[in-house]
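Chains, contacts and geometry: an overview
Each chain, letter by letter, is given below.
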Amino acid sequence: HLATTMVDSLDTLWLAGLRDEFNEAKDWLAENLAQKISSISNPVSVFETNIRVLGGLLSAYDLSKEQTFLTLAEKLGRRILLTVNQ
């Protein structure tokens, strides 16, 4: 639902030097992930979402300095808080 495997593999793509694949994933996420984040509702696996998706986005940002990942991570973090606090 949140392209978890794609996000989770971003750091591996970067570290392996697979920049074309990394950029392809970044472009897809930039176009599609914000809408998927907006549609998150209960129940959601907070632990899995935090470690794989939020962690993957923050890791990708730290490695690449691409603002797209930080923006998506912030949006996801805020959405998780809303979902958990309902």
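What comes next is a walk through the structure. Here the structure is a predicted model, which is why all the values come from computation and not from measurement.

1. Section: the pattern of salt bridges
- As enumerated under the stated definition, the model contains five salt bridges in all.
- Close ionic contact of lysine 65 with aspartate 62 constitutes a salt bridge, the shortest N to O distance being 3.5 Å.
- Taking the shortest distance from any N to any O, the salt bridge between arginine 78 and glutamate 74 comes out at 2.8 Å. With a gap of four residues between them, arginine 78 and glutamate 74 both fall in helix α5 (residues 67–84), about one helical turn apart.
- According to the relative accessible area criterion, arginine 78 is exposed, its value standing at 54%.
- Three or more residues are tied together by salt bridges with common partners; here these are Asp8, Glu48 and Arg52.

2. Quick look at helix α3 (residues 19–38)
- The end-to-end C-alpha distance of α3, which contains 20 residues, comes to 28 Å, matching closely the 28 Å that a straight helix rising 1.5 Å per residue would cover.
- The principal kink in α3, of about 45°, is found at asparagine 32.
- Taken residue by residue, α3 has Phe22, Ala25, Lys26, Leu29, Leu33 and Ile37 as its buried positions.

3. Section: the side chain of lysine 26
- One can find lysine 26 in helix α3.
- Accessibility expressed as a relative area gives 14% for lysine 26, which makes it buried.
- Leave out the neighbours within four places in its chain, and lysine 26 touches Glu66 and Phe69.

4. Side note on the side chain of threonine 49
- Checked against the element boundaries, threonine 49 lands in helix α4 (residues 46–64).
- Assessed through its relative accessible area of 7%, threonine 49 is described here as buried.
- A polar side-chain atom of threonine 49 sits 2.8 Å from the main-chain carbonyl oxygen of serine 45.

5. A word on a negative patch on the surface
- Taken together, Asp20, Glu21, Glu24, Asp27 and Glu31 make up a surface patch of like negative charges.
- In this structure, glutamate 31 sits in helix α3.
- Look at glutamate 31 and you get exposed, because its relative accessible area is 67%.

Rules of the game
- Residues numbered from 1 in each chain as written.
- Predicted model: local features only at pLDDT ≥ 70, side-chain atom pairs only at ≥ 80, totals over all residues.
- Heavy atoms only, no water.
- Salt bridge = Lys/Arg side-chain N within 4 Å of Asp/Glu carboxyl O.
- Helix = DSSP H or I, 4+ residues; strand = E, 2+ residues; numbered from the N terminus.
- Buried < 20%, exposed > 50% of the residue type's maximum accessible area, 1.4 Å probe, protein only.
- Expected span 1.5 Å × (residues − 1).
- Bend = angle between axes of the 7 residues up to and from the residue.
- Contact = heavy atoms within 4.5 Å.
- Polar contact = N/O pair within 3.5 Å; in protein donor to acceptor, adjacent residues only side chain to side chain.
- Patch = residues over 30% accessible without salt bridge, like charges linked within 9 Å, V, L, I, M, F, W, Y side chains within 5 Å.
- Areas by Shrake-Rupley, 256 points an atom, 1.4 Å probe, with all protein chains shown as cover.
- Lys, Arg positive; Asp, Glu negative; His and termini not counted.
- Charge placed at Lys NZ, Arg CZ, Asp CG, Glu CD.

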